[in-house]
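# Residue-level structural notes
This is what each chain is made of:
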Amino acid sequence: DIIINWQFYVLIILLSFIGSYAGNFINSYAKKRGENLATKADIDEIKSQLASTTKITEKIKNDIEHQVWRKQQIETIKRNKLEEYLQYIYIAQESLSNDMNNQYFNTTKSVDSHAISKATMLQKLYFSELKETHSKCLKAHASFHTWLAEGLMELTQRQRDGEKTPIISDQHMEKYSDLLDELNKGT
């Protein structure tokens, strides 16, 4: 009986060792497997956050690029409109001189009577910051027209007084250079 019991005890001890080893193995495996699953979940979370961050970064980058492109387009348009504005101002000034020559000296020079209106439209649409400067230009333009009308009245009066081909007076023409200076200061 002791021998049988002895073998029984050895068998129980061996089974205990095997059970303990198997338990430790399973516990270690489960712990390692749990760590791996936790790491995989962390990596998946990091990948998800990285994808989200990348998407947001790309959107911000695209928004900035669009804003830069839009700003460049606006600057290009403003530069073109400023060139157009100045062109109309210079055409208006030249037209004033041409109109004076046509009225006073019977020339047939080209006159663009709408140039100043076109310049005014461009100033109002695109260059509110030029309002004061443009206003000075319009005043100079109006002063020139007033001077031109005064000269025409002088020529008409001389014709009524009997001159067949009246000529504008030197006294009236002395104001011409001052008016041109005023026009140039307005631009």
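All values derive from a computational prediction rather than experimental measurement.

Checked against the element boundaries, Gln67 lands in helix 1 (residues 2-105). Along the backbone, Gln67 and Lys55 are 12 residues apart, and their C-alpha atoms lie at a distance of 18 Å.

This part is about the nonpolar core. One finds Leu96, Met100, Tyr104, Ala140, Phe144, Trp147, Leu148, Leu155, Ile168, Tyr176, Leu179 and Leu183 forming the largest nonpolar core, which totals 12 residues. Elements supplying a minimum of two residues to this core: helix 1, helix 3 (131-160) and helix 4 (170-186). When sequence neighbours within four positions are dropped, the list of residues in contact with Ala140 reads Glu182 and Leu183. Tyr85, Ala92, Leu122 and Phe127 belong to the second largest nonpolar core, which has 10 residues in total.

Axis separation between helix 2 (residues 115-126) and helix 3 bottoms out at 11 Å; the angle between their running directions is 165°. In terms of orientation, helix 2 and helix 3 fall into the roughly antiparallel class. Considering how the two elements wind past one another, helix 2 and helix 3 form a crossing that is left-handed. Across from Ile116, Ala119, Thr120 and Gln123 in helix 2, the residues of helix 3 making contact are Lys131, His134, Cys137, Leu138 and His141. Of the residues in the contact of helix 2 with helix 3, the class split is four nonpolar, four polar and one charged.

The subject of this paragraph is the side chain of Ser169. Topologically, Ser169 is positioned in the loop between helix 3 and helix 4. Polar side-chain contacts of Ser169 include one of 3.1 Å to the backbone nitrogen of His172. Apart from residues no more than four positions distant in its own chain, Ser169 is found in contact with Glu154 and Arg158.

This model, assessed by the stated rule, comprises five salt bridges. For the salt bridge of Glu129 with Lys78, the shortest nitrogen-to-oxygen distance reads 3.6 Å. Of this pair, Glu129 sits in the loop between helix 2 and helix 3 while Lys78 sits in helix 1; the two residues are 51 residues apart in sequence, bridging distant segments of the chain. Given a relative accessible area of 51%, Glu129 falls into the exposed group. With a shortest N-O distance of 3.7 Å, Arg158 and Glu154 are connected by a salt bridge. Residue Arg158 and its partner Glu154 are both found in helix 3; the two are separated by four residues, about one turn of the helix.

A separate point is the packing of aromatic side chains. Going through the model one piece at a time under the given rule, you end up with seven aromatic pairs. Aromatic pair Tyr85 and Phe127: ring centres 6.1 Å apart, planes at 50°, arrangement tilted. You can see Tyr85 sitting in helix 1 and its partner Phe127 sitting in the loop between helix 2 and helix 3, a full 42 residues away along the chain. Of the residues examined, Phe127 reaches a relative accessible area of 3% and is grouped as buried. Pairing Phe144 with Tyr176 gives two aromatic rings, centres 6.1 Å apart and planes at 65°, and the pair type is edge-to-face. Remark: Tyr176 occurs in helix 4 and Phe144 occurs in helix 3; sequence separation between them is 32 residues. Tyr176 shares its class with Phe144; the two are buried. Linked through ring pairs, Tyr104, Phe105, Phe144, Trp147 and Tyr176 together constitute an aromatic cluster.

Moving on to unusual backbone geometry. Its identity as a non-glycine residue notwithstanding, Asn106 has a phi of 55°, on the positive side. With respect to the secondary-structure elements, Asn106 resides in the loop between helix 1 and helix 2. When its relative accessible area of 68% is taken as the criterion, Asn106 is described as exposed.

The rules behind these values
Residues numbered from 1 in each chain as written. Predicted model: local features only at pLDDT ≥ 70, side-chain atom pairs only at ≥ 80, totals over all residues. Heavy atoms only, no water. Helix = DSSP H or I, 4+ residues; strand = E, 2+ residues; numbered from the N terminus. Core = buried A, V, L, I, M, F, W, Y, C linked by side-chain atoms within 4.5 Å. Buried < 20%, exposed > 50% of the residue type's maximum accessible area, 1.4 Å probe, protein only. Contact = heavy atoms within 4.5 Å. Axes fitted to C-alpha atoms, helices over the stretch in contact; angles between N-to-C directions. Parallel < 35°, antiparallel > 145°, perpendicular 65-115°, else oblique. Left-handed = near helix turned anticlockwise from the far one by under 90°. Nonpolar A, V, L, I, M, F, W, Y, C, P; charged D, E, K, R; others polar. Polar contact = N/O pair within 3.5 Å; in protein donor to acceptor, adjacent residues only side chain to side chain. Salt bridge = Lys/Arg side-chain N within 4 Å of Asp/Glu carboxyl O. Phe/Tyr/Trp six-rings, centres within 6.5 Å; stacked < 30°, edge-to-face > 60°.

Purely geometric stuff here, so don't read any function into it on its own.
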